[in-house]
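Spelled out from the first residue to the last, the chains are:
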Amino acid sequence: RFYTDYINIISRFVGCIWGVILYNKYKREILSFCKKASFCLGFEVKTKWVARKIATFSCLTSLYSLLLKRCNIKRVFGVSRIIFNHVAFAAKKLDVPVYELQHGITVEKTPLYMGQYNPDIDPDLFLLFGEGCPRNVFGVPEENTLQIGWAFFDFLKEDKQDIDDSRCLLISSADISDKIISVGRELAEKHHDIQFDIRRHPMEIYNSDQKSILEKTANLNDVSSSECSAAAIMKYKYIIGEGSSVLYEALCMGKKVARLACIGVELRNRSEDDAFYYLDDLSQFDDFLKAPHKELKKRAYTKFDKDLFNSLLK
């Protein structure tokens, strides 16, 4: 295990100095690039910022090249290529294969994966953990995707937990914080026998008004923690949210899962053929509790194929 903070710090420091040198040496090329980028994006792209970014990236890849060679690395695995593209670029220059592990549910093209595939920096293989997502939305050719399954479920099965039928978990995110709290309060006020727990997104922080609502509602609780979401939902039977990956995790773990389609939440990828329940009105919550489990036909998280994954390590 290596802690790489020092690589990032050194690279940023070097980037500030080396960026000035690069700017003076390649001023014409940088100006031309920034002019075209500004035209395409619709806002000004600063030339010195670009020079500093290029210098920082170059330093990162140089240091990681040394690290990969020193450790005799045979392959690189990463999650979310935008945060390890400098490692991928260094690995590609050394002819080391690069694999990207799927992170979250993606059902359509997103800014994270859009753009033309570049074999000099993009992963050689994109490793899917299920069959629930189209293979053409990850910014790699479909033949460069491989379904390996989800190993974490096998680990979680060993942790037996009692399921509490008197609790319901609400999955939140920063852009729908007020709506989730509003849903939680309305449901809590009508169902005093049920505890409604809210799990925030790791990047989500409640303001004083939001905290006040939680404090005033006896059976509405913020249960956010550093515990992994897949482990946190083990003890619940009922899960409600909008479109979080946690909802798909819950489905594959046999939970009853409802997606909100009311209180201003508009779902773009709604399907009546999946195993979700859809709440077009909060008055349908009682029906959701009483309804039988729906059959899950297409699993977003499938059984881990150990032999297939091990074949990548040979």
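Thresholds, definitions, all that
Residues numbered from 1 in each chain as written. Predicted model: local features only at pLDDT ≥ 70, side-chain atom pairs only at ≥ 80, totals over all residues. Heavy atoms only, no water. Core = buried A, V, L, I, M, F, W, Y, C linked by side-chain atoms within 4.5 Å. Buried < 20%, exposed > 50% of the residue type's maximum accessible area, 1.4 Å probe, protein only. Helix = DSSP H or I, 4+ residues; strand = E, 2+ residues; numbered from the N terminus. Contact = heavy atoms within 4.5 Å. Axes fitted to C-alpha atoms, helices over the stretch in contact; angles between N-to-C directions. Parallel < 35°, antiparallel > 145°, perpendicular 65-115°, else oblique. Left-handed = near helix turned anticlockwise from the far one by under 90°. Nonpolar A, V, L, I, M, F, W, Y, C, P; charged D, E, K, R; others polar. Phe/Tyr/Trp six-rings, centres within 6.5 Å; stacked < 30°, edge-to-face > 60°. Lys NZ or Arg CZ within 6 Å of the ring centre and 35° of its normal. Pairing = 2+ DSSP bridges. Right-handed = clockwise from strand over helix to strand, strands pointing away. Expected span 1.5 Å × (residues − 1). Arc of directions from axis to C-beta.

Q: Can you help me understand the nonpolar core in this one?
A: Generally speaking, soluble globular proteins have nonpolar side chains that are buried together. Ranked by size, the top nonpolar core spans 35 residues in total, and within it Phe 138, Ile 239 and Tyr 301 carry the most contacts. Elements that contribute at least two residues to this core include exactly β3 (125–128), α5 (151–156), β5 (164–171), α8 (229–232), β8 (236–241) and α9 (245–252). With six residues, the top contributor of residues to this core is α9. Look past the residues within four positions of Tyr 301 in its chain and what remains in contact with it is Ile 105, Phe 129, Gly 130, Trp 150, Phe 153, Ser 245, Tyr 248, Glu 249 and Cys 252.

Q: What exactly am I supposed to notice about the packing of helix α3 (residues 47–70) against helix α4 (residues 85–93) here?
A: Two packed helices can be described by the angle between their axes and the distance between those axes. With their axes 8 Å apart at the nearest point, α3 and α4 run at an angle of 55° to one another. Taken together, the axes of α3 and α4 lie oblique to each other. Considering the relative orientation of α3 and α4, their crossing is right-handed. Residue-level inspection shows Phe 57, Leu 60, Thr 61, Tyr 64, Ser 65 and Leu 68 of α3 in contact with α4, the latter providing Asn 85, His 86, Val 87, Phe 89, Ala 90, Ala 91 and Lys 93. Residue classes in the contact of α3 with α4 are distributed as eight nonpolar, four polar and one charged.

Q: Help me out: how do you make sense of the packing of aromatic side chains in this one?
A: To describe a pair of aromatic rings, you give the distance between the ring centres and the angle between the ring planes. Inspection of every chain in the model, using the stated rule, returns 20 aromatic pairs. With 5.4 Å between their ring centres and 75° between their planes, Tyr 113 and Phe 138 make a pair best called edge-to-face. One end of the pair, Tyr 113, is in the loop between β2 (98–101) and β3; the other, Phe 138, is in the loop between β3 and β4 (145–147), with 25 residues separating them in the sequence. A centroid spacing of 5.9 Å and a plane angle of 70° characterise the contact between Tyr 238 and Phe 288, whose relative ring orientation is edge-to-face. With Tyr 238 in strand β8 and Phe 288 in helix α10 (residues 285–290), this pair connects stretches of sequence that are 50 residues apart. Note on accessibility: Tyr 238 and Phe 288 belong to one class, buried. Above the plane of the ring of Phe 276 lies Arg 259, whose end atom (NZ or CZ) is 5.5 Å from the centre.

Q: Is there a simple way to think about the sheet that holds β2 in this case?
A: Backbone-to-backbone hydrogen bonds pair the strands of a sheet. The strands run either parallel or antiparallel. Pairing in this open sheet of four strands is parallel, and the strands run β1-β2-β3-β4 from one edge to the other. If you trace the sheet from one side to the other, it starts and ends with β1 (76–79) and β4, each paired once. Geometrically, the sheet is characterised by an average inter-axis angle of 30° between neighbouring strands, direction not taken into account. In this sheet, β4 lies alongside β3 in parallel orientation, the contact comprising three bridges. Across the sheet, residue Leu 128 finds its bridge partner in β4, namely Gln 147.

Q: Any chance you could explain the pairing of β1 here in plain terms?
A: Moving residue by residue along a regular strand, the side chains alternate between the two faces of the sheet. Here β1 shows a buried face lined by Val 76 and Gly 78 and an unburied face lined by Phe 77 and Val 79. Two elements, β1 and β2, share four bridges in a ladder whose sense is parallel. Residue pairing in the sheet places Val 76 in a bridge with Val 98 of β2. With α4 bridging β1 and the parallel β2, this β-α-β connection has right-handed handedness.

Q: I'm lost on the pairing of β5 in this one. Help?
A: Looking at chain direction, β5 and β8 are connected through four bridges and run parallel. Within β8, the position partnered with Cys 168 by the bridge is Tyr 238. Pairing analysis gives five bridges linking β5 to strand β6 (residues 195–199), with the strands arranged parallel. From the neighbouring strand, Leu 169 faces β6, where its bridge partner is Asp 197.

Q: Quick question: what am I supposed to make of helix α6 (residues 177–190) here?
A: Three or four residues apart is the spacing at which side chains of an α-helix point the same way, because the helix has 3.6 residues per turn. In a regular helix each residue adds 1.5 Å, so 14 residues correspond to 20 Å; α6 covers 20 Å between its end C-alpha atoms and thus fits that length. If you check which residues of α6 are buried, you get Ser 177, Ile 180, Ile 181, Val 183, Gly 184, Leu 187 and Ala 188. Buried residues along α6 cover an arc of 160° about the axis, so they all sit on one side. Residues of α6 that are exposed and point over 90 degrees away from its buried face: Asp 178 and Lys 190.

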